There are 2 protein chains.
Amino acid sequence: MRDFLPAEKARREHVLSIIRRTFREHGFDEIETPVVEDSDRLHAGLGGDNEKLSYAVMKRDLKQDDLQEAATSGDYLDLADLGLRFDLTVPLARFYASHRAELPGVFRSIQIAPVWRAERPQKGRYRQFVQCDIDIIGEAGPLAEIELITATAASLEALGFRGTNASTIRINDRRILRRIVETLGIPDASYERALITIDKEDKIGVPGVVKELVEQGLGEAATLAPILDGLSQLAGDGWELLDAPPAWLDVDAYRDLLAIRDAVDDSARLVFSPNLVRGMGYYTGTIFEVAHPSLPYSLGGGGRYDGMIGRFLGTDVPAAGLSLGFERLVELVELPEDEAANAVALVYDADVAPPQLAALKSELIASGVRTTLARRTKNTTAQLEQLAAAGYPRFAFVAATTVSARELEMRNIGAQ
Amino acid sequence: MRDFLPAEKARREHVLSIIRRTFREHGFDEIETPVVEDSDRLHAGLGGDNEKLSYAVMKRDLKQDDLQEAATSGDYLDLADLGLRFDLTVPLARFYASHRAELPGVFRSIQIAPVWRAERPQKGRYRQFVQCDIDIIGEAGPLAEIELITATAASLEALGFRGTNASTIRINDRRILRRIVETLGIPDASYERALITIDKEDKIGVPGVVKELVEQGLGEAATLAPILDGLSQLAGDGWELLDAPPAWLDVDAYRDLLAIRDAVDDSARLVFSPNLVRGMGYYTGTIFEVAHPSLPYSLGGGGRYDGMIGRFLGTDVPAAGLSLGFERLVELVELPEDEAANAVALVYDADVAPPQLAALKSELIASGVRTTLARRTKNTTAQLEQLAAAGYPRFAFVAATTVSARELEMRNIGAQ
């Protein structure tokens, strides 16, 4: 977990404000939930491996008996009643179930907030990190995917990801994957395990995937290889299959993907990726992944999770979402020109009285200038450079005789 | 802890943006720290009663032995290595100690962030709530107080607290309280206990305070009463004492208060309140409390805490801060006129194709209009009212034949 110093914090807030504004323009509404959720809810099987990475908050009224019982049973989680959320999807499902009556029939949510995972520290991974999620709850058709992809693409473009720096959105559908697994004759119980292997196709190639599936007892090489070869060949130009769809292609899902492709703006750079899997077990239809040419890992992802809200509400409600990984994004964004031009540092000597400084500062602020005070140090050149770096490109010296801001001689730092 | 629905979330973000902008104009810089701090740091005696209210985060690698040991020793906190912060002051002190070399000599920080306290649920108190803190580290003189008070008063004014709705800032100095306690002959060990009693003067009057101090064995009524009467008489018009300061008045502290009063803008409505105490033990000089005519409790508070940074850094650094309680503030703020005038809902029938809807929506967004889609429901009147309440005051019906946004007939909801 990290501290953010002023320059980095300002940069983060600037990037977040662009994402927030773009999502809002696209008709999404921001909500907020508490950072902790009930422990039971976080461990209900909806978080996959992330559940194991969640931080548990201890009950406040523990008794000696509770500790002894947990020591005996080994159920240490019995000592916790709350936990820090590991994603924004489980809280959203709980939120929607609690507030459905107060929300529109189709609810388009924005959540921009931190989540926590107790991962082993490694480069580019943090234990507290911000996610930017949009979700559409209550829309069963591909209009949801179209709106999610369009808003995400617009955010990325607003952040400057254009031209050779543009990101792409990979798309697939779990129904296509399910149909392939069925065609391969792999039993339902092994579905998730087979997907994990198919997902490795980029890395180990079709022969590697075939070998692994055979080793897992999930089929014979002679059956697996041709289908997986066909799948692999789709990855590049998989959009034009409908003339002669292969037997293992789920045509309904494929038609939805084409409808989505036809409706989204070109700026989305949508790529059909039939071997895209995504880790979470709750996906039921489309799945997405946001890729960027300069990154070996994804900038975000999501998909359709029609069964999940029902886990909290009792009745199924269709839902789909797309999450941007803010920490990865913010490192790639190049900020526009310095917005701090209208900021001034008043550099004063020890003999200037506080009321005088306060009056000068107030006068400048009232005229719309961001103003800070800095007592002059011995190495004034270094001090001015530090002020410029801190967002104050202009300065003026204040003398004990200065009584009005009009007497101040404003100079650009670096041009003294 | 609460969920925030779209209307309330938008209101909160709007209020926060005004506070953030005002503090920044006044030369403060925003920073951010993780929501969890080391458990040892949260229980180092700097949080007063709040330490007992902190949420503890369980260690991830607990063993059976750890549980048995804690069960035996009763030190349940040994099972936790982290905790949710209960204020923003302890994290700031830790932050400053970690990053001093990267920060300016006088550092003016903004922190706008949630804190957590496991309080018993009661009206107007939440377990997760946002604080807006500004602090100045490295400035020993009253200039720090002047800047803190001026920026806070400017924020409150920007939020609309003016005229009969204006807030006041009460000020006192711990040195004045210490001198009084010394004059009363109360021993150092009973200093904090005596302050708690003196703090009740608004409620129980001077006779009540005298009675309680006598019961605590802290003096005789004959000595206590005249001094406490003098103190109480200051509360209304305590600014004009220097001509003949009473013997129990710390004149240095009092001169600083006068310098602060003379330097801050009239909009601050500063009131000298010599019986103001503030709960935290770490205050060493000035103390503040923000009061509002419609509230029985304070909107915020703060003071000078010169010894605290030294606890983390090893060397003392002067510091003072002022914290606004955002949850109380946001309930009092009246928002300006609806900012959503430029938002439109496209109300469509089921026969309109998704790509057509997506194209119309994109066209409107590109022209600068916030746009949402709403499938027409049976009770269209109710639906339109809900859309207006959700921030879309205008709408247009989309037919299967509509191909361009120019064909849309925009109407105000309520004026159909």
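Quantities reported herein were computed from a predicted structural model and do not represent experimental measurements.

Chemist: In this structure, what is going on with the overall build of chain A? I would like to understand it.
Modeler: If you tally the helices and strands in chain A, you get 14 helices and 15 strands. The C-alpha atoms of chain A give a radius of gyration of 27 Å, which is well past the 22 Å a tight globule of 416 residues would have. In terms of its C-alpha atoms, chain A occupies a principal-axis envelope of roughly 90 × 65 × 45 Å. Within chain A, counting contacts between residues at least 6 apart in sequence, those at least 24 apart form 68% of the total.

Chemist: In this structure, what is going on with the relation of the copies chain B and chain A? I would like to understand it.
Modeler: Here two copies of a chain appear, and what relates them is a rotation about an axis with a shift along it. Overlay of chain B on chain A (RMSD 0.0 Å): rotation 180°, translation along the axis 0.0 Å. Each copy turns onto its partner about a two-fold axis. When C-alpha positions in chain B are compared against the rotation axis, the closest is assigned to Val57 of chain B, at 2.2 Å. Both copies present the same face, since 100% of the interface residues in chain B are matched by interface residues at the equivalent positions in chain A.

Chemist: What is the right way to read the domain arrangement of chain A from this model?
Modeler: Many analyses report the size of an interface as the accessible area lost when the parts associate. Taken domain by domain, chain A holds domain 1 (6–35 + 85–332) and domain 2 (343–412). The C-alpha centroid of domain 2 of chain A is placed 51 Å from the C-alpha centroid of domain 1 of chain A.

Chemist: Looking at this structure, how should I read helix 4 (residues 89–99) of chain A?
Modeler: Residues three or four positions apart in an α-helix share a direction because the helix packs 3.6 residues into each turn. Residue and element names in this part refer to chain A. The buried fraction of helix 4 amounts to eight of the 11 residues, a majority that puts the element mostly inside the structure. Looking at helix 4, one finds that the buried residues are Thr89, Val90, Pro91, Leu92, Ala93, Arg94, Phe95 and Tyr96. As for helix 4, its buried residues are in contact with strand 2 (36–38), helix 2 (39–42), strand 5 (107–116), strand 6 (128–137), helix 11 (308–313) and strand 11 (319–325).

Chemist: Would you mind going over the environment of Phe288 of chain A with me for this structure?
Modeler: Residue and element names in this part refer to chain A. Among the structural elements, Phe288 can be located in strand 9 (residues 286–291). Along the chain, Phe288 and Leu276 lie 12 residues apart, while their C-alpha atoms are 8.1 Å from each other. Here Phe288 is in contact with Ile169, Arg170, Ile171, Gly301, Gly302, Gly303 and Leu322, once residues within four sequence places are set aside.

Chemist: What's the story with the confidence of the model for chain A in this structure? I'm lost.
Modeler: Should the pLDDT be low somewhere, the predicted coordinates at that spot are not to be read in detail. Here chain A averages 89 in pLDDT, while 96% of its residues score no lower than 70. Both scores are available for the predicted complex, with the pTM at 0.91 and the ipTM at 0.90.

Chemist: Before we go on, may I ask you to explain the interface of chain B and chain A in this structure?
Modeler: With 69 residues of chain B at the contact, the number on the chain A side is 69 residues. Here the residues of the side of chain B that touches chain A are counted per class, giving 37 nonpolar, 16 polar and 16 charged.

Chemist: So what exactly am I meant to see when it comes to unusual backbone geometry here?
Modeler: Peptide bonds are mostly trans, and most non-glycine residues show a negative phi. Residue and element names in this part refer to chain A. Positioned with a positive phi, Arg269 is a non-glycine residue whose angle comes to about 50°. Mapped onto the elements of the fold, Arg269 is located in the loop between helix 10 (251–263) and strand 8 (270–272). With 17 C-beta atoms counted inside 10 Å, the residue Arg269 sits in the partly exposed group.

Chemist: Is there a simple way to explain the sheet that holds strand 12 (residues 343–348) of chain A in this structure?
Modeler: Two strands in a sheet stick together by hydrogen bonds in their backbones, pointing the same way (parallel) or opposite ways (antiparallel). Across the sheet, four strands lie side by side as 13-12-14-15 (chain A); this open sheet has mixed pairing. The open sheet has two edge strands with one neighbour each: strand 13 (370–375) and strand 15 (411–412) of chain A.

Chemist: What should I look at first to understand the environment of Pro6 of chain B in this one?
Modeler: Position of Pro6 of chain B among the secondary structure elements: in helix 1 (residues 6–25). Every residue in contact with Pro6 of chain B, bar those within four places of it in the chain, is listed here: Asp29, Glu30 and Ile31 of chain A together with Ala390 of chain B.

Chemist: Looking at this model, I keep getting lost on the packing of helix 13 (residues 354–366) of chain A against helix 10 (residues 251–263) of chain B. Mind explaining?
Modeler: Between two packed helices, both the angle of their axes relative to each other and the distance between the axes serve to describe the pair. Axis separation between helix 13 of chain A and helix 10 of chain B bottoms out at 9 Å; the angle between their running directions is 25°. Our classification of the angle between helix 13 of chain A and helix 10 of chain B gives roughly parallel. Both helix 13 of chain A and helix 10 of chain B take part in a crossing whose hand is right-handed. Where helix 13 of chain A approaches helix 10 of chain B, its residues Pro354, Pro355 and Ala358 of chain A are matched on the opposing element by Ala259, Asp262 and Ala263 of chain B. Tallied by class, the residues present in the contact of helix 13 of chain A with helix 10 of chain B amount to five nonpolar, no polar and one charged.

Chemist: Would you mind going over the sheet that holds strand 12 (residues 343–348) of chain B with me for this structure?
Modeler: Residues and elements named next belong to chain B. Read across the sheet, four strands follow the order 13-12-14-15 without closing on themselves; strand pairing throughout is mixed. One side of each edge strand has no neighbouring strand; the edge strands of this open sheet are strand 13 (370–375) and strand 15 (411–412). Bridge count for strand 14 (residues 394–398) against strand 15 is two bridges, and the pairing is antiparallel. From the neighbouring strand, Arg394 faces strand 15, where its bridge partner is Asn412.

Chemist: Is there a simple way to explain the packing of helix 1 of chain B against helix 5 (residues 143–158) of chain B in this structure?
Modeler: All names here are of chain B. Packing of helix 1 against helix 5 leaves a shortest axis separation of 9 Å and a crossing angle of 145°. Our pair here, helix 1 against helix 5, has a crossing hand that is right-handed. Facing helix 1, whose interface residues are Ile18, Ile19, Thr22 and Phe23, helix 5 presents Ala151, Ala154, Ser155 and Ala158. Among the residues making up the contact of helix 1 with helix 5, the classes are represented as six nonpolar, two polar and no charged.

Chemist: Help me understand helix 13 (residues 354–366) of chain B, please; the structure alone is not making it clear to me.
Modeler: Across its 13 residues, helix 13 of chain B extends 18 Å between first and last C-alpha, which sits within 8% of the 18 Å expected from 1.5 Å per residue. Taken residue by residue, helix 13 of chain B has Pro354, Leu357, Ala358, Leu360, Lys361, Ser362, Leu364 and Ile365 of chain B as its buried positions. Along its buried surface, helix 13 of chain B packs onto helix 1 (6–25), helix 5 (143–158) and helix 10 of chain A together with strand 12, strand 13 and strand 14 of chain B. Just beyond helix 13 of chain B, the residue with positive phi is Gly368 of chain B, at close to 90°.

Chemist: For this particular structure, what's the right way to read the pairing of strand 7 (residues 168–173) of chain B?
Modeler: All names here are of chain B. Most of strand 7 is tucked away, with five of its six residues classed as buried. In this sheet, strand 9 (residues 286–291) lies alongside strand 7 in antiparallel orientation, the contact comprising six bridges. Looking at strand 9, one finds that Ile171 is bridged to Phe288. As defined by bridge partners, strand 7 adjoins strand 8 (residues 270–272) across three bridges and the pair is classed as parallel.

Chemist: Help me understand the pairing of strand 13 of chain B, please; the structure alone is not making it clear to me.
Modeler: Remember that side chains alternate between the two faces of the sheet whenever the strand is regular. All names here are of chain B. Counted residue by residue, strand 13 has five buried out of six residues, so it is predominantly covered. Bridging between strand 12 and strand 13 involves six bridges; their strand directions are parallel. Across the sheet, the residue bridging to Tyr348 is Arg375, located in strand 13. Handedness of the β-α-β unit built from strand 12, helix 13 and strand 13 comes out right-handed.

Scoring rules and cut-offs
- Along each chain, the written sequence defines residue order, and numbers are assigned to residues from 1.
- Throughout, the order in which chains and ligands are written sets their labels, letters from A for the former and numbers from 1 for the latter.
- Side-chain atom pairs in this predicted model are given and counted only at pLDDT of 80 or more, local residue features only at pLDDT of at least 70, and totals for whole chains, interfaces and linings cover all residues.
- Secondary structure is summarised from DSSP: a helix means a run of H or I of at least four residues, a strand means a run of E of at least two, and numbering begins at the N terminus for each.
- Our radius of gyration looks at C-alpha atoms and nothing else; its globule reference is 2.2 Å times the residue count to the power 0.38.
- Throughout, a pair of residues is in contact if the C-beta atoms placed from their backbones lie within 7 Å.
- Copies overlap after least-squares fitting; the atoms used are the C-alpha atoms of residues with pLDDT of at least 70 in both.
- Where each domain begins and ends is defined by an automated method or by a domain database.
- The burial label depends on the number of other C-beta atoms within 10 Å of a residue's C-beta. Counts of 20 or more mean buried, 12 or fewer mean exposed, and intermediate counts mean partly exposed, with C-beta atoms placed from the backbone.
- The predictor attaches a confidence to each residue, and that confidence, scored 0 to 100, is pLDDT.
- Here the nonpolar group is Ala, Val, Leu, Ile, Met, Phe, Trp, Tyr, Cys and Pro; Asp, Glu, Lys and Arg are the charged ones; every other residue, Gly included, is treated as polar.
- At least two bridges found by DSSP between two strands are what make those strands a pair.
- Only the stretch in contact is used when a helix axis is fitted, and all axes are lines through C-alpha atoms; the angle between N-to-C directions ranges over 0 to 180 degrees.
- Here roughly perpendicular refers to angles of 65 to 115 degrees, roughly parallel to angles under 35, roughly antiparallel to angles over 145, and oblique to all remaining angles.
- Crossings are sorted by hand: turned counterclockwise from the far helix by less than a right angle, the near helix makes the crossing left-handed, and turned clockwise it makes it right-handed.
- Between the first and last residue of a helix there are one fewer steps than residues, each counted as 1.5 Å, and that sum is the expected span.
- We call a crossover right-handed when, viewed with both strands directed away from the observer, the connection leading from the first strand over the helix to the second proceeds clockwise.

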